[in-house]
Amino acid sequence: MKNILYFVAALALLSSSCEGNDPAKTMTVSGVVKGLKKGTLYLQHIPDSTLAVIDSLQIDGDGGFTFTTQIDGPEIFYLYLNKKDNNTLNDRITFFGEPGEITINTAWNTFDTQAEIKGSKTNDNYSQYQKTMSQFNKKNLQLVRASINTEKPLDSMQLDSLEKLSTKNVQKGYAFALNFALNNLDSPLAPYIAVNQVSDANIKYLDSIHNSMSPEVASSKYGIQLTELLKERKASE
């Protein structure tokens, strides 16, 4: 009888172990940080509203790394490098993780600016989105700098003109973000952009994204967040 009980317990333990490591939900992030001799790498994400560490790795003489974790679906992750050089710049890579094998290769001194990320289709689309949005952000920064020109103070008409250009540029950025989301309704990028990039946009556009998402995307982390956002927006209006 005892042997039968031990056998049943062993099966239960094995079953539990297998359930906790579902290959279909396993994400492996690996790569090399070229030139890194000493430092600590952290794999992070935001499960609710606070940044949390999933795993960490001490690097000593070899810039290679591997992290493995279980995830339910595509989600924003961060690869944070503590270089121990008292410099907080260029220390965090943002990427869209998803089940499967993802490779991130970079260098310690250009950690977040020249990272090559492969293996995540969601991140490939996210990178294209970021590339275009960065142009709108760069344009707005140029307009701000022009408005505070200290060498030659601008008059009211010039400042008004720059303000109008800035407003138009911001509107173009919003339009691009909304259109990108509407053209990617089968991807968690759609609700992610709606919640994190244009949450204060006209509610009819957010409703359009929400009502057109596929069932799979609607039940994803960011799909659920978009549903909650719309509930809050509608309750306050």
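About the cut-offs
All residue numbers refer to position in the chain's written sequence, counted from 1. In keeping with the predicted nature of the model, local features appear solely for residues at pLDDT of at least 70, side-chain atom pairs appear and are counted solely at 80 or more, and the whole-chain, interface and lining totals rest on all residues. Side-chain measures were taken over the full set of non-hydrogen atoms in the model, leaving aside hydrogen atoms and water. Paired rings are identified among Phe, Tyr and Trp, the last through its six-membered ring, by centres lying within 6.5 Å, and are further divided according to the angle between planes into stacked (under 30 degrees), edge-to-face (over 60) and tilted (the rest). Strands here mean DSSP runs of E at least two residues long; helices mean DSSP runs of H or I at least four residues long; both are numbered from the N terminus. In this scheme, a residue with accessible area under 20% of its type's maximum is buried, one over 50% is exposed, and one in between is partly exposed, where area comes from a 1.4 Å probe on protein chains only. Note: two strands are recorded as paired if DSSP finds a minimum of 2 bridges between them. Note on geometry: axes are C-alpha line fits, over the in-contact stretch for helices, and angles between N-to-C directions span 0 to 180 degrees. Oblique is the label for any angle not under 35 degrees, not over 145, and not in the 65 to 115 range, which are roughly parallel, roughly antiparallel and roughly perpendicular in turn. Here a residue-residue contact requires only that any non-hydrogen atoms of the pair lie within 4.5 Å. Three classes are used: nonpolar for Ala, Val, Leu, Ile, Met, Phe, Trp, Tyr, Cys and Pro, charged for Asp, Glu, Lys and Arg, and polar for all others, with Gly counted as polar.

Points about the packing of aromatic side chains
Here comes step 1: Applying the stated criterion across every chain yields a total of 12 aromatic pairs.
Here comes step 2: With a centroid separation of 5.9 Å and 85° between ring planes, the pair formed by Tyr-126 and Tyr-192 is classed as edge-to-face. With Tyr-126 in helix H2 (residues 121-147) and Tyr-192 in helix H4 (residues 189-196), this pair connects stretches of sequence that are 66 residues apart. This pair shows no difference in class: Tyr-126 is buried, exactly as Tyr-192 is.
Here comes step 3: On the numbers, 5.1 Å between centres and 70° between planes, the contact of Tyr-192 with Tyr-222 is edge-to-face.

Quick notes on the sheet that holds strand E7 (residues 100-107)
Here comes step 1: Strand order across the open sheet formed by 4 strands is E4-E1-E7-E8, with mixed pairing between neighbours. In this open sheet, the two strands that pair with only one neighbour each are strand E4 (64-70) and strand E8 (116-118). Averaged over all pairs of adjacent strands, the angle between their axes in this sheet comes to 15°, without regard to strand direction.

As for the packing of H2 against helix H3 (residues 156-182)
Here comes step 1: It is at 9 Å that the axes of H2 and H3 come closest, and there the two elements cross at 170°. Here H2 is positioned roughly antiparallel relative to H3, judged by the angle of their axes. Of the residues in H3, those in contact with Asn-125, Tyr-129, Thr-132, Met-133, Phe-136, Lys-139, Asn-140, Leu-143, Ala-146 and Ser-147 of H2 are Leu-159, Leu-162, Leu-165, Ser-166, Asn-169, Val-170, Lys-172, Gly-173, Phe-176, Ala-177 and Phe-180.
Here comes step 2: For the contact of H2 with H3, the class distribution of residues is 12 nonpolar, 7 polar and 2 charged.

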